[in-house]
Amino acid sequence: MHDRLLNLVREIIEIDETDIKMIQSFFEPISFEKGQILEIENKPAKYLYFINSGFIRIFYNENGAQVTTHINCPSGFITSFNSFINRTASNENVECITSCEVLRITKSDFDILCRKSQKWADFAKIVYEKSVIYNEQRTKDIINLSAEERYLNLLKNNSDIIQNVPLQYIASFIGIKPESLSRIRRKLIS
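A few points on the structure. (Residues numbered from 1 in each chain as written. Predicted model: local features only at pLDDT ≥ 70, side-chain atom pairs only at ≥ 80, totals over all residues. Heavy atoms only, no water.)

**Section: the sheet that holds strand β7 (residues 93-96)**
Logical step 1: Ordered in space as β2-β7-β4-β5, the 4 strands form an open sheet in which the pairing is antiparallel. Each edge of the sheet is formed by a strand with only one pairing partner; in this case those strands are β2 (37-39) and β5 (65-72). This sheet shows a mean twist of 35° between the axes of neighbouring strands, independent of strand direction. (Pairing = 2+ DSSP bridges. Helix = DSSP H or I, 4+ residues; strand = E, 2+ residues; numbered from the N terminus. Axes fitted to C-alpha atoms, helices over the stretch in contact; angles between N-to-C directions.)

Shown next, in the form of structure tokens:
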């Protein structure tokens, strides 16, 4: 159950058997059903999740509508990060779009793992830096790219999301209405 996570860590940084055993002991394997809420708004996020299989989204409620801010798939980490890091109430929900198998870790265990394993701390820093870069680029794309360009970008870089996630979540994620996404898809097919 930990192989995917360990392989990701090994792609970024060299780890030894001690690090492997610590990672395995701190990350708890668990399965969730489609539609299950993992973290709920107005409460601190309890866990950081590593996705082994399935698709998970982050959304918030605005005027009765759900706004999807992030979608992640296998080999990705997900949670309400601000809430998890600062141990404050979240304004987001974390929901399984499909059935999912994940590894999860609490903030206190994450901090202990970082203290006990310098390799894990180095890995976590690199993943965090990549996440900041991704989010900066995503913000630029939302501002500067047309809806069609944002969809094509998602199609190019994350076709598995296009194939496995309902269109209303994809539309919200790229900042458009589902009807607009349908028009874009029809236009691209013809």
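**Quick notes on helix α6 (residues 147-157)**
Logical step 1: Those residues of α6 that sit buried are R150, Y151 and L154. Each buried residue of α6 sits inside an arc of 100° when the element is viewed along its axis, so together they form one side.
Logical step 2: Close packing links the buried residues of α6 with α5 (118-144), α7 (159-164), α8 (167-173) and α9 (178-189). (Buried < 20%, exposed > 50% of the residue type's maximum accessible area, 1.4 Å probe, protein only. Arc of directions from axis to C-beta. Contact = heavy atoms within 4.5 Å.)

**Comments concerning the pattern of salt bridges**
Logical step 1: In the structure shown here, the tally under the stated rule is 6 salt bridges.
Logical step 2: If you follow the salt bridges from partner to partner, you end up with R87, K107 and D111 in one network. (Salt bridge = Lys/Arg side-chain N within 4 Å of Asp/Glu carboxyl O.)

**Side note on the sheet that holds strand β3 (residues 47-53)**
Through backbone hydrogen bonds, the strands of a sheet pair up, either in parallel or in antiparallel fashion.
Logical step 1: Across the sheet, 4 strands lie side by side as β1-β8-β3-β6; this open sheet has antiparallel pairing. Strand pairing shows two members of the sheet lacking a second neighbour, β1 (28-32) and β6 (77-78), which therefore form its edges.
Logical step 2: Pairing geometry for β3 and β6, over 2 bridges, is antiparallel. Paired with Y49 across the bridge in β6 is I78.

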